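Residues per chain, in single letters:
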Amino acid sequence: MSRKRSDALTGDLFTGIPKPLAEVPASMDFRAPVAQLVSRMIQDSEMTRWAIAARMSELADVETSKALLDSYTAESREECNLPFWKAPLIELAIGNRSLAEWHASVLGGRVLWGADVIDAEIGRRKREMADANAEIKELERIQRLHRGRR
């Protein structure tokens, strides 16, 4: 097909691509980082712990007490980390998506929210159109060559 031109500047486009954490044995005990993150999320919120616990309880129709919320944020309470199924509850209750973003980053990804999803889809479709147009031009070039040989 067509020849690609080298571009010394393109490398800069790829420096921000997330990579998953290295899967080193005994390096992925996330209890303390999760407790710290949940604690920061609560501290950054304008809501009280009682209000957060009440909102989580309301959303799931399963009781979450202020004391239980406190235990989720205590690094010393290793057996009482925030359960995964409650992660969206606390994020919704306080309007903070840090847990989802952290989780995606651990796995080497990023999360898009709201209009960013649409922007990304538009960009993807435009790239597909550009690729298809380039392929059409190449096919038309090949077609002209074959017609010239008749």
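Our structure's up above, just so we're on the same page.
In short, a report on the structure. The shown structure was predicted, so the numbers you read here are calculated from the model rather than taken from an experiment.

What counts, and at which threshold
The numbering scheme is per chain: residues are counted from 1 as the chain's sequence reads. Note on the predicted model: pLDDT of at least 70 is required for a residue's local features to be given, and 80 or more for side-chain atom pairs to be given and counted; whole-chain, interface and lining totals, by contrast, use all residues. As a convention, hydrogens and water are excluded, and side-chain values are obtained from all of the structure's heavy atoms. Residues enter a nonpolar core if they are buried and are Ala, Val, Leu, Ile, Met, Phe, Trp, Tyr or Cys, with the set joined through side-chain atoms within 4.5 Å. Think of it in three bands: with a 1.4 Å probe and only protein chains considered, a residue is buried below 20% of the maximum accessible area for its type, exposed above 50%, and partly exposed in between. The way it works is that DSSP assigns letters per residue, a run of H or I at least four long becomes a helix, a run of E at least two long becomes a strand, and they are numbered from the N terminus. Residues count as neighbours in contact if any of their non-hydrogen atoms are within 4.5 Å of one another. Classification of ring pairs uses Phe, Tyr and Trp, with its six-membered ring standing for Trp, and accepts pairs whose centres are within 6.5 Å; under 30 degrees between planes counts as stacked, over 60 as edge-to-face, and the remaining range as tilted. Axes here mean lines fitted to C-alpha atoms, for a helix over just the part in contact, with angles spanning 0 to 180 degrees between N-to-C directions. Roughly parallel here means an angle under 35 degrees, roughly antiparallel means over 145, roughly perpendicular means 65 to 115, and every remaining angle is called oblique. For any helix crossing, the convention is left-handed if the near helix is rotated counterclockwise from the far helix by under a right angle, and right-handed if that rotation is clockwise. Just so you know the grouping, Ala, Val, Leu, Ile, Met, Phe, Trp, Tyr, Cys and Pro go in nonpolar, Asp, Glu, Lys and Arg go in charged, and all remaining residues, Gly too, go in polar.

### A look at the nonpolar core
So, point 1. Within the largest apolar cluster, 18 residues are counted, with the highest numbers of intra-cluster contacts made by V38, I52, M56, L69, L82, I90 and L99.
So, point 2. The set of elements that each furnish at least two residues to this core consists of α1 (31–44), α2 (49–60), α3 (66–72) and α4 (87–94).
So, point 3. With residues up to four places along the chain from it excluded, the contact list for I90 reads V38, M41, I42, I52, M56, L69, L82 and L99.

### What about the packing of aromatic side chains?
So, point 1. Scanning the model with the defined rule gives one aromatic pair in all.
So, point 2. Measuring from centroid to centroid gives 5.3 Å for F30 and W102, while their planes differ by 80°, and the two rings are edge-to-face. Of this pair, F30 sits in the segment before α1 while W102 sits in helix α5 (residues 98–106), and the two are 72 residues apart along the sequence.
So, point 3. According to the relative accessible area criterion, F30 is partly exposed, its value standing at 23%.
So, point 4. What makes W102 partly exposed here is its relative accessible area of 25%.

### Considering the packing of α1 against α5
So, point 1. Where α1 meets α5, the axes come as close as 10 Å, and the angle between the chain directions of the two elements is 150°. Of the possible angle classes, the one that applies to α1 and α5 is roughly antiparallel. The handedness of the crossing between α1 and α5 is right-handed. Contacts between α1 and α5 pair V34, L37, V38 and M41 from the former with S98, L99 and W102 from the latter.
So, point 2. Split by residue class, the contact of α1 with α5 holds six nonpolar, one polar and no charged.

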